[in-house]
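Coordinate inspection notes
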Amino acid sequence: MFSQECSSAGFPSSSGVLQEHVELHLQESSFVEGRNLHDLELAQHIQNEEVAQRREAARQEREDFQKLQRQYGLDGSGGYKQQSLRNMEKEVAQGRMVPAEYHKRKAEMMESLAFGIDDGKTQTSGIIEALSIYYQNEYKDIKRVWLSVGVDHFHCSLGDKGWGCGYRNFQIILSSLQKNSIYQDCLKDLESIPCISKIQSLIENSWKEGFDPQGASHFNGRLHGTKAWIGACEIYSLLTSLRLKCQIIDFHQATGPSGTHPRLLEWVLSYYSSDKKNGPKVLRTSKPPIYLQHQGHSRTIVGIEERKNKSLCLLIFDPGCPSEEMQKIKGKDICINLKLLRRCVGGLKHKQYQVVAIDDVLSAEEKIARQQASQLFTAQRIP
C-alpha cells in the first residue's frame, strides 16, 4: 500500500534510481577524461612553445655571434690576401680593371706578402714638411704649432678596407719612428715598413712573449690570415715588445659641453709642448705621433695648433682618407685642404677615447717588468 502511494506520488522506482546513478557516473567519468585530455594537450602545447622559443633564442644567438665574427674579421673568410683577390676580381668583372692590371697587381701583392714589406702604394710622404712651410707664413689665426717628426700617411686599400685602420696607423707611427735616431736600435729589425700580414705576426709574437694575455685570448692567439680589428691594447703590446716605452691613457667620459673632450686636447698639447713651451711659432718636435682610438675607428695625431684665441686643434692623419686627397695638402691650396687634418674640440664627440703615446725606450729589465705586470694584471682580473 505504501509503495503504491509513493509511486503514485511521483517518486522514482528503485530501478530508475539505479539507472540515473549509473548515467551520472558515466557523465562524470566522461567529463574527467575530457578535462584530463584537455590538460594534456595544453601541457604539450606549452612544452612545444618553450622548445620553439629555446630554438629561436639559440638561432638568434648563433646569428648574433656570427655577425660579431664577421664584424671583427674572425669568421674564417680569410684576411688581406683573400680580400684583395676578391675585390680585384670584382673590379675586373665590373670593367674598372683590365685583366693585365689584375695579374700585375696580384704578382706585386704576393711578392709583398712573401717579404713581409708594404708595397708603398697607399703611402704619401712630405706632408709634415709642407705643413711646416705653410705655418711659417700663416699669420692670421695661429699662435703656435707643434708637429711630430716627419710622418708618412698610409691609407686602407682593397685588401683591408673596412678593418685595417689599426694596422695602417701603426705604419704611420712607425714611419716617424724610423726617422728618429732615438729609436733606431729598437727598430733594427724593421728597417722597412711591414705589410699588414707581417704586423699581424708581430702582434702574435708580442702575445707569445707574454704581453696582454687577455687580449690574446680574445683573438684565440691568432690574427694572421684574418680581418680582425685591432685597437689600443694591441698597438701597446706591439710597441712594448719592440722595447718602446709607451702608455695607454683613457678619456672615458666627456669633459666639456655637448659631449666634447677638451681635456684630451689639453693632454696632447702638454705631450707636444713638454720640452719647449715658449719656442718658435712652428716647432718640429722629437715626439712620435700619437695613436688615437674611439669606437669603430682609429687615427693618428701628428701635431696640434694653438690659436690666438687660445683654442686648440688637433692635426690628424686618418687611414680612411685616400692618397689622392692627402696629396692635395701639399698643393698650393693647402689652407683649404687642411680641413682633412684639423679636428677641433667640437669635432671630437665620441663617448670615449684612448691614446697610445710613446715616451722613450725601454731597457731590457724594464721590458721584462712590463711583461710580468701585464700577466699579473690579467691574473688578477680572472675570477
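The rules behind the values
In this numbering scheme, every chain counts its residues from 1 along its sequence in written order. Given that this is a predicted model, residues contribute local features only at a pLDDT of at least 70 and side-chain atom pairs are listed and counted only at 80 or more, while totals for whole chains, interfaces and linings are drawn from all residues. Only hydrogens and water are set aside; all other atoms, that is, all heavy atoms of the structure, feed into the side-chain values. A helix here means a DSSP run of H or I that spans at least four residues, while a strand means a run of E at least two residues long, and both kinds are numbered starting from the N terminus. The span one expects for a helix is its residue count, reduced by one, times 1.5 Å. Summary of the burial criterion: residues with accessible area below 20% of their type's maximum are buried, those above 50% are exposed, and those between are partly exposed, where the area comes from a 1.4 Å probe applied to protein chains only. A pair of strands is labelled paired if DSSP reports no fewer than 2 bridges between them. Any carboxyl oxygen of Asp or Glu that lies within 4 Å of a side-chain nitrogen of Lys or Arg is treated as forming a salt bridge with it. Only residues above 30% relative accessible area that lack a salt bridge enter a patch, with like-charged residues linked at up to 9 Å and the nonpolar side chains Val, Leu, Ile, Met, Phe, Trp and Tyr linked at up to 5 Å. Here, Shrake-Rupley sampling with a 1.4 Å probe gives the accessible areas, and only protein chains in the shown set may cover a residue. Charge counting follows a simple rule: Lys and Arg are positive, Asp and Glu are negative, and His as well as the terminal groups are ignored. Each charge is placed at NZ for Lys, CZ for Arg, CG for Asp and CD for Glu. Here, two residues are considered to be in contact whenever any of their heavy atoms come within 4.5 Å of each other. Stacked, edge-to-face and tilted are the three classes for Phe, Tyr and Trp ring pairs, Trp counted by its six-membered ring, which pair at centre distances within 6.5 Å; planes under 30 degrees apart are stacked, over 60 edge-to-face, the rest tilted. We call a charge positioned over a ring when the NZ of a Lys or the CZ of an Arg lies within 6 Å of the ring centre and within 35 degrees of the ring normal. As a per-residue measure, pLDDT tells how confident the predictor is, with possible values from 0 to 100. Definitions used throughout: a 1 Å grid over protein atoms alone; a cavity as a set of points that fits a 1.4 Å probe which cannot get out; a pocket as an open set with protein on both sides within 12 Å along at least five of seven lines; a lining residue as one with an atom within 4 Å of a point. Grid points are joined across faces, edges and corners, and a volume is the space filled by probe spheres set on the points. Each residue gets one label: Ala, Val, Leu, Ile, Met, Phe, Trp, Tyr, Cys and Pro are nonpolar, Asp, Glu, Lys and Arg are charged, and the others, such as Gly, are polar.

Structural notes on helix α6 (residues 165-177)
The end-to-end C-alpha separation of α6 is 18 Å, in line with the 18 Å expected for 13 residues at 1.5 Å each. With 13 of its 13 residues buried, α6 lies for the most part within the structure.

Side note on unusual backbone geometry
Backbone geometry at aspartate 212 places phi at a positive 50°, although glycine is not the residue there. On the secondary structure map, aspartate 212 appears in the loop between α7 (196-208) and α8 (213-218). Classification of aspartate 212 by relative accessible area gives buried; the value is 14%. Phi is positive for arginine 243, which is not a glycine, with a value near 70°.

Notes on the pairing of strand β7 (residues 297-307)
Most of β7 is tucked away: 10 of the 11 residues are buried. Sheet topology places strand β2 (residues 142-147) next to β7; 5 bridges connect them, and they run antiparallel. By the bridge assignment, isoleucine 142 is partnered in β7 with arginine 307. Where strand β6 (residues 290-294) lies against β7, 5 bridges are found, and the strand directions are antiparallel. Its bridge partner being in β7, isoleucine 290 is matched across the sheet by isoleucine 301. In this structure, β7 lies alongside strand β8 (residues 312-317), joined through 6 bridges in antiparallel fashion.

Regarding the pattern of salt bridges
Under the counting rule described, the total for this entry stands at 12 salt bridges. In this structure, arginine 284 and glutamate 129 form a salt bridge, with 3.7 Å as the shortest nitrogen-oxygen distance. Of the two residues, arginine 284 sits in strand β5 (residues 282-284) while glutamate 129 sits in helix α5 (residues 127-136), which places them 155 residues apart along the sequence. Judged by relative accessible area, arginine 284 falls into the partly exposed class, the value being 37%. Among the ionic pairs, aspartate 152 bridges to lysine 179, the shortest N-O distance being 3.5 Å. A residue pair is termed long-range when its members are at least 10 positions apart, and aspartate 152 in the loop between β2 and β3 (153-154) and lysine 179 in the loop between α6 and α7 qualify at 27 residues. Judged by relative accessible area, which is 43%, lysine 179 ranks as partly exposed. A single network of salt bridges, built from pairs that share partners, joins Asp118, Asp160 and Arg168.

Examining a negative patch on the surface
Residues Asp359, Asp360, Glu365 and Glu366 make up a contiguous surface patch of negative charge. Those elements that provide at least two residues to the negative patch are β10 (353-361) and α13 (364-381). With respect to the secondary-structure elements, glutamate 366 resides in helix α13. Its relative accessible area of 33% is what places glutamate 366 among the partly exposed residues.

Quick notes on the side chain of serine 84
If you trace the backbone, serine 84 turns up in helix α3 (residues 80-93). When neighbours within four sequence positions are excluded, serine 84 is seen to be in contact with Met109, Leu158 and Gly159.

Considering the environment of arginine 284
C-alpha separation for the pair arginine 284 and tryptophan 146, spaced 138 residues apart in sequence, amounts to 6.2 Å. Other than its neighbours up to four places away in sequence, arginine 284 contacts Ile128, Glu129, Ser132, Leu147, Ser148 and Gly150.

Re helix α9 (residues 232-241)
For α9, the buried fraction is high: 8 of the 10 residues fall into the buried class. Directly beyond the C-terminal end of α9, a positive phi value near 70° is found at arginine 243.

Section: the packing of aromatic side chains
Two descriptors summarise a pair of aromatic rings, namely the distance from one centre to the other and the angle between the planes of the rings. Considering all chains together, one arrives at 6 aromatic pairs under this definition. Each ring, one from tyrosine 271 and one from tyrosine 272, has its centre 5.1 Å from the other, and the planes form 85°; the classification is edge-to-face. Here the two residues tyrosine 271 and tyrosine 272 agree in accessibility, since each one is buried. Ring pairs connect the aromatic residues Phe251, Trp267, Tyr271 and Tyr272, which therefore count as one cluster. Its end group placed over the ring of tyrosine 271, lysine 287 keeps NZ or CZ at 4.9 Å from the ring centre.

Structural notes on the environment of tyrosine 135
Relative to the elements of secondary structure, tyrosine 135 occurs in helix α5. Ignoring anything within four residues of it in the chain, the contact list for tyrosine 135 reads Ile142, Val145, Lys281, Val282, Glu305, Leu315, Leu338 and Arg342.

Considerations on the confidence of the model for the chain
Put simply, the chain has an average pLDDT of 86, and 83% of its residues get 70 or more. Predicted confidence for residues 379-383 stays below pLDDT 50, and this span has 1 contact to residues more than four positions away or in other chains.

What to know about the layout of surface pockets
Of the voids in this model, the second largest pocket is the one considered here, and its volume is about 460 Å³. Around the second largest pocket sit 24 residues that line it, and Arg105, Thr122, Ser157, Leu158 and Gly159 are the ones nearest its centre. Elements that contribute at least two residues to the lining of the second largest pocket include exactly α3 and α4 (99-115). Among the elements that make up the lining of the second largest pocket, the one with the highest residue count is α4 (4 residues). Taken together, the residues of the lining of the second largest pocket sort by class into 9 nonpolar, 8 polar and 7 charged.

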